[in-house]
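Examining the three-dimensional arrangement
Each chain, written out:
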Amino acid sequence: MLDLATGAPFKNGTDDWLFEASESYAFMAGPASMDKSLNYNVDAVYIGETYDDSPHGWKGAMYKVLVPWSCTASDCTNVQYGDIVNGEYDNDPSTWTMSKLFESPAPITTSPSLSVDFQNNAWIYFGTGRYLSTDDKTTTDTQYLFGIKDPFFNREHSLTGDFADNYYQNNSSSLTLATTDLFDSDIYKVIYPWGTQDTPQGDCSAVPTGQTGDITGDGSCVCDYDWPLSSCTEVTAGSCASAGVVMGDEVYDDGDCVCILFSTPEWGCLEKVAGSCDSVPVAVIDDNANYHSFFYQCHEDTQGDCLGITLADIEGGYTSGGCTCTEITSLNGNTVDSYYSCTERSAGVCANVVTPAAVDYGDEGDFFDTDDGLCRAGYWACTESTAGSGACDTVDYTLTTGFLGANDDGDYFGDGSCICSFVDDPVPVVKTTTSNYGQSFADIIDLARAEDGWMRTLMDPGERSVTKPALLGGITLFTTYVPETEICSFGGFSYLYGLYFETGTAYSSNVFDPGINVQNGVLTIDERYYLGYGMASSVGIHVGKQEGGKAKAFTQQSTGLIRDLLIDPAFNIRSGLRYWKEN
């Protein structure tokens, strides 16, 4: 440690530089200092370490230098840590302490990034990996990304906190965290439940005879009367047939067979008991103790001859002056009901929607818009009938069909406990690699908050993190690099990770565009973006006039190529109007 004013080292003995790590054959990465109280005083400095753990390979640690603060007020009960009015920092480096904050399974060769969460915890973000020599080029050791909380600033490490220990704001104590203290982000995937539903066969069996229209409102059963074009009267029995007239199709008159254009009849209902017609479906024909419903036609010699005629007048038939009204009981020798029929919609088959393949992920909507939704596709959302009951906990989110239940009514289990439906916007669900069941993203945040941070294993052999991460709007951005393994070859390729800062998982909506892929048959939000050939730099961030609350992330590849891509943070990153009151 150096005095910036003089360049002279602070010594802890006769020939050292004040602090010494406990490991041999070690070196330190760049430090990062934290002014947690935003009072222009450094509270702590965090430094990553790499050391040779032969014969086990390279390991690492995250060290912390604490700058002590103490309360100087007569009553410190309500004094906040870092209050420089009622307290002071010790500016004598000989009283500062360095302790090992985290024991890393892999080397840390870059500076960490720092942040504070909603619970006022101090977070340290860093990755592991080396790329310093030709030996590093060929190594395929597993590397990691970490986000850890400093127990000194974590209220849960007080005597009354969840951990019930005494590390919170305790200058005389320290705690070394290990991977076992962290939330395992590897097993969680954030998915959008998506699927298709073959519309079931329509069922007209329960429709009262005569009820017309779209019975269920979804086109599954449509009923109507198929009235003929004409009506024929035979003066002599069989005269229409002998004349070759096709009943209902022709207008014909030879004296024995008379066919005239048929006008669509009207329907009416007469009440025998008050209000009894109110529940009678339109076009139902019946004559019982409560009501009499029937079809009728009225013909006028001149316009207006039938004005003022009531249904009671028409019942059974009516003739007066230039008006003739007839209750239709038969037509061309057939009963009226013989002209009535219902058409059932055929069952949908989503596999036949896109030829030759089935419906693709993301193709939401009604694929047969003109055929009454024979195949529907979209995002699923399930709701418990009683809040907090857990009824939907065993919904299998890897399925693409069956969410609407056996009766296509949304009743997943058939008992009303969990109702599922299609929704326009995707509702995220978090599943594990060992279970098909899902939890909400809020549930996963709660699980992660109960730990001292999170860890994530890098996916590819040889993949490593050798740049400082960046943070923006609740998203931690890491670049990683996978070098070519051949000694004589050069190059490699890079990725960009966008992880939610509290969980180390993908966020509940895609950070990258498009940022959604099908993984193992499930529509999954990507936490990693392929940057292409070359080793990527740290992320540079630009917040400007990007639409939709987005920002731009810039990286430069070792090839010289500069990459820029839009990212969508978890939180609002722009200032703006929060409240307005007009006097």
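Located above this text is the structure these notes cover.
Residues numbered from 1 in each chain as written. Predicted model: local features only at pLDDT ≥ 70, side-chain atom pairs only at ≥ 80, totals over all residues. Heavy atoms only, no water.

**Here's the deal with the overall build of the chain**
Counting secondary structure elements, the chain contains four helices and 40 strands. Computed over the C-alpha atoms, the radius of gyration of the chain is 39 Å, more than 25% above the 25 Å expected from 2.2 N^0.38 for a compact globule of 583 residues. The C-alpha extent of the chain, read off along each of the three principal axes, is 135 × 70 × 45 Å. As displayed, the chain has an accessible area near 29,800 Å², and 49% of this comes from carbon and sulfur atoms. (Helix = DSSP H or I, 4+ residues; strand = E, 2+ residues; numbered from the N terminus. Rg over C-alpha atoms; globule rule 2.2 N^0.38 Å. Areas by Shrake-Rupley, 256 points an atom, 1.4 Å probe, with all protein chains shown as cover.)

**Some words on helix H4 (residues 441-449)**
All of the buried residues along H4 are Phe441, Ile444, Ile445 and Ala448. Around the axis of H4, the buried residues are gathered within 105 degrees of arc, so they sit on the same side. (Buried < 20%, exposed > 50% of the residue type's maximum accessible area, 1.4 Å probe, protein only. Arc of directions from axis to C-beta.)

**Some words on the pattern of salt bridges**
Close approach of charged atoms lets side chains of opposite charge pair. On inspection of all chains with the given rule, the structure shows 12 salt bridges. Lysine 272 serves as the salt-bridge partner of aspartate 287, at 2.6 Å between the closest nitrogen and oxygen. Of the two residues, aspartate 287 sits in strand E19 (residues 286-287) while lysine 272 sits in the loop between strand E18 (266-271) and E19, which places them 15 residues apart along the sequence. Each of Glu23, Lys100 and Glu103 takes part in one network of salt bridges that share partners. (Salt bridge = Lys/Arg side-chain N within 4 Å of Asp/Glu carboxyl O.)

**Some words on the layout of surface pockets**
As a volume, the largest pocket reaches approximately 440 Å³. Met1, Phe19, Met28, Ile47 and Met98 are, among the 18 residues lining the largest pocket, the residues nearest its centre. Of all the elements in the fold, those that place two or more residues in the lining of the largest pocket are strand E1 (26-34) and strand E2 (44-52). A per-element tally of the lining of the largest pocket places E1 first, with five residues. Its residues assigned to classes, the lining of the largest pocket comprises 14 nonpolar, one polar and three charged. (1 Å grid on protein atoms, 1.4 Å probe; cavity = no way out; pocket = protein on both sides within 12 Å on 5 of 7 lines; lining within 4 Å. Points joined across faces, edges and corners; volume = space filled by probe spheres on them. Nonpolar A, V, L, I, M, F, W, Y, C, P; charged D, E, K, R; others polar.)

**Re the nonpolar core**
Counting residues in each nonpolar core, the largest one holds 46 residues, and the members touching the most others are Trp454 and Ile567. Counting residues per element, this core draws most heavily on strand E34 (residues 492-500), at five residues. Beyond its immediate sequence surroundings of up to four residues, isoleucine 567 is in contact with Leu472, Leu477, Val511, Phe512, Lys550, Ala551 and Ala553. In terms of nonpolar packing, the next biggest core, distinct from the first, is built from 29 residues, Tyr46, Ala106, Phe126 and Leu177 among them. (Core = buried A, V, L, I, M, F, W, Y, C linked by side-chain atoms within 4.5 Å. Contact = heavy atoms within 4.5 Å.)

**Remarks on the sheet that holds strand E38 (residues 540-542)**
The three strands are arranged E38-E39-E40 in an open sheet whose pairing can be described as antiparallel. Two strands close off the open sheet at either side, each with one partner strand: E38 and strand E40 (562-567). In this sheet, adjacent strand axes meet at a mean angle of 25 degrees when their direction is disregarded. Pairing between strand E39 (residues 551-556) and E40: six bridges, direction antiparallel. Within the sheet, the bridge partner assigned to lysine 552 lies in E40 and is leucine 566. (Pairing = 2+ DSSP bridges. Axes fitted to C-alpha atoms, helices over the stretch in contact; angles between N-to-C directions.)

**Comments concerning the sheet that holds strand E25 (residues 340-344)**
The strand order across the open sheet formed by three strands is E13-E14-E25, and the pairing between neighbours is antiparallel. The open sheet has two free edges, formed respectively by strand E13 (213-214) and E25, since each of these has just one partner strand. Both strand E14 (residues 221-225) and E25 contribute to a ladder of five bridges, which runs antiparallel. Of the residues in E25, the one forming a bridge with aspartate 224 is serine 341.

**Quick notes on the environment of tryptophan 580**
Examined against the element boundaries, tryptophan 580 turns out to sit in the segment after E40. Since its relative accessible area comes to 65%, tryptophan 580 is described here as exposed. With 421 residues separating them along the chain, tryptophan 580 and leucine 159 place their C-alpha atoms 43 Å apart.

**Let's talk about the side chain of threonine 480**
In this fold, threonine 480 is placed in strand E33 (residues 475-483). The class of threonine 480 is buried, set by a relative accessible area of 2%. Among the polar contacts listed, one links the side chain of threonine 480 to the side chain of glutamate 463, at a separation of 2.7 Å. Excluding residues that lie within four positions of it along the chain, threonine 480 makes contacts with Leu145, Leu458, Glu463, Arg464, Ser465, Phe493, Ser494, Tyr495 and Tyr497. (Polar contact = N/O pair within 3.5 Å; in protein donor to acceptor, adjacent residues only side chain to side chain.)

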